[in-house]
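# Chains, contacts and geometry: an overview
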Amino acid sequence: MSASSPATSPSTPGGTQAATRNGFSRWVQRVTSGSTWTVYALLIVVFVAILVMNPSFGEPMSLMAFLKKAAPLIVLAIGQYFVIVSGEFDLSVGSLVGAQVVIAAKLIDGEDSMTWPVIGLMVLFGLAVGLVNGLIVTLLKVPSFITTLGMMLVLYGAIRLWTGGAPTGSLTDGFRQWGRGGLPDTPGQFQLPYAVLITVVLGVIAVVIMRRPFGRTLVATGDNDVAAAFSGASVWWVRTRAFLFSGFMATVAGILIGGYAGVTAQVGEGLEFMAITAVVLGGVVLGGGRGSVVAAMAGALTLEALFTLFNQLSLPSTIRPAVQGVIIIAAVAYAAMPRRSKAAPTTPAGVPEPTVPKEPQPAAP
């Protein structure tokens, strides 16, 4: 006769309910572990505050306009996440965005036939910048902070030298539609912006990548690159691919920003720090090894919502850098706080049991 109780058998209603409760408890524990849950709570609080001050913000057209504006920052946060979770930084994305918009305007110069060839050239240029950053960091062993800071200055100076200090040319409607258009293409009616669709697609791709072996290796590299190398991972190529992803995402963000805001001398300025702020706000640890790409995207959305709230409160835009600095310091300080560890299990004789290495777990999406 079986010794199992009907109440605990998975095939009984009671056992099914218990399994459901246990699964829900594990899901809640995973979501609220570390500092990831705080970004979702903050996002809800900020959205409620905006709706209280401006109820029309919740209308579909207003909400889509907000998401369209936030899309470039979310895309940048995805790229920055890949680099930061691997244990590195990319400070060149802001200048890369600005360079891409200026290059597009100068080369297209209002010619519709040049739109797609220039977009292809922009993608290649973004990947080239990411590849150079990655190879300098991984093969020449130059710290990523110094490498990408130097690349930021190189791009900033080169573009201004090329354009004489002022952007020239113009973008076509075919180029700008990706940043300001949507479905259906009917002015004055509700439409789903192309920028939002692109962001969702890139977000899904990023989640799938982080669930693949590359994603797990990327997190392991950021956690302990020496151990990852001893386990057979090609650390230099993993991190180089992270910089390639960052360069590609910066290119996409440049296309969206160029379509939304057009060509200005300040395009892309400060976006690298906003992307880093969004990622750390999402609970991704500076130094690598821990963090969720979905939470990083939520961090970017929260940051954009926070700035929208500041506009509702008529606060000056000069407060933004201070808020970003506070967020970065607070996030790093929280991540550095010692975690309470559980006591080691003991045998009946009172001797601690030897620890058994756990199997590697899939990376959080």
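In short, a report on the structure. (Residues numbered from 1 in each chain as written. Predicted model: local features only at pLDDT ≥ 70, side-chain atom pairs only at ≥ 80, totals over all residues. Heavy atoms only, no water.)

## Description of the overall build of the chain
In plain terms, the rule: Secondary structure elements follow DSSP: runs of H or I no shorter than four residues count as helices, runs of E no shorter than two count as strands, and numbering proceeds from the N terminus. The buried label goes to any residue with under 20% of its type's maximum accessible area, the exposed label to any with over 50%, and the partly exposed label to all in between, with areas taken from a 1.4 Å probe on protein chains only. We call two residues contacting when some pair of their heavy atoms lies within 4.5 Å. The accessible surface values rely on the Shrake-Rupley method and a 1.4 Å probe; as for residues, cover is taken only from the protein chains in view.
From N to C terminus, the chain includes 14 helices and two strands. Each of the 365 residues in the chain was classed as buried or not, and the buried ones make up 43%. At a minimum sequence separation of 6, the contacts of the chain that also span at least 24 residues come to 75%. Taken as a whole, the chain presents about 18,900 Å² of accessible surface, with 67% of it coming from carbon and sulfur.

## Notes on the packing of aromatic side chains
Stated formally: Ring geometry is summarised as follows: Phe, Tyr and Trp rings, the Trp one being its six-membered ring, pair when their centres sit within 6.5 Å, and such pairs are stacked at plane angles under 30 degrees, edge-to-face over 60 and tilted between the two. By the criterion adopted, a ring carries a charge over it if an Arg CZ or a Lys NZ lies within 6 Å of its centre and within 35 degrees of its normal.
The tally for this structure, following the rule as stated, stands at ten aromatic pairs. Between the aromatic rings of Phe47 and Phe66, the centroid separation amounts to 5.7 Å while the plane-to-plane angle is 85°, which identifies the pairing as edge-to-face. Of this pair, Phe47 sits in helix 2 (residues 36–53) while Phe66 sits in helix 3 (residues 60–85); the two residues are 19 residues apart in sequence, bridging distant segments of the chain. Lys106 extends its terminal NZ or CZ atom over the ring of Trp162, reaching a point 5.4 Å from the ring centre. We note Arg160 situated over the ring of Tyr156; from NZ or CZ to the ring centre the distance is 3.7 Å.

## A short note on the pattern of salt bridges
Let me state the cut-off plainly: Salt bridges are identified by distance alone: a Lys or Arg side-chain nitrogen within 4 Å of an Asp or Glu carboxyl oxygen.
Tallying each qualifying case throughout the model produces three salt bridges. Between Glu88 and Arg239 there is a salt bridge, with its nearest N and O atoms 3.5 Å apart. One end of the pair, Glu88, is in the loop between helix 3 and helix 4 (93–108); the other, Arg239, is in helix 11 (residues 235–261), and 151 residues separate them in sequence. Between Arg239 and Asp225 there is a salt bridge, with its nearest N and O atoms 3.4 Å apart. In this pair, Arg239 sits in helix 11 while Asp225 sits in helix 10 (residues 225–230), placing the two residues 14 residues apart along the sequence. Shared partners join several salt bridges into a network, and the residues in it are Glu88, Asp225 and Arg239.

## A word on the packing of helix 5 (residues 115–138) against helix 11
Heads up, the condition is: Only the stretch in contact is used when fitting a helix axis, every axis being a line fitted to C-alpha atoms; angles between N-to-C directions are given from 0 to 180 degrees. By convention the crossing between two helices is left-handed if the near helix lies anticlockwise of the far one by an angle smaller than a right angle, and right-handed if it lies clockwise. The residue classification treats Ala, Val, Leu, Ile, Met, Phe, Trp, Tyr, Cys and Pro as nonpolar and Asp, Glu, Lys and Arg as charged. All others, Gly included, are polar.
In contact at an axis separation of 7 Å, helix 5 and helix 11 are set at 145° when each is read in the N-to-C sense. In the crossing of helix 5 with helix 11, the sense of the turn from one axis to the other is right-handed. Along its contact with helix 5, which presents Ile119, Met122, Val123, Gly126, Leu127, Gly130, Leu131, Asn133, Gly134, Leu135, Val137 and Thr138, the element helix 11 presents Trp236, Arg239, Thr240, Phe243, Leu244, Gly247, Phe248, Thr251 and Ile255. Along the lines of polarity and charge, the residues of the contact of helix 5 with helix 11 split into twelve nonpolar, eight polar and one charged.

## Description of the nonpolar core
Applied cut-off: Joining through side-chain atoms within 4.5 Å is the link that ties buried Ala, Val, Leu, Ile, Met, Phe, Trp, Tyr and Cys residues into a set, and such a set is a nonpolar core.
Counting 72 residues, the largest nonpolar core has Leu76, Ile78, Phe82 and Leu218 as its most contacted members. Take this core: its biggest share by element is 14 residues, from helix 3. Contact partners of Leu218, with chain neighbours within four places excluded, come to Phe82, Val85, Ser86, Met210, Val238 and Ala242. Among the nonpolar cores identified, the runner-up in size contains nine residues, and Val118, Ile119, Met122 and Phe175 belong to it.

## Digging into unusual backbone geometry
With an omega dihedral of -10°, the bond running from Leu183 to Pro184 counts as a cis peptide bond. Along the chain, Pro184 turns up in the loop between strand 1 (182–183) and strand 2 (192–193). Unlike most non-glycine residues, Lys141 shows phi in positive territory, near 60°. Looking at where Lys141 falls in the secondary structure, it is placed in the loop between helix 5 and helix 6 (144–163). Even without glycine at this site, Ser314 takes up a positive phi of about 60°. Residue Ser314 is classed as exposed on the basis of its relative accessible area of 63%.

From the geometry alone we can't say anything about function, so treat these as descriptive.
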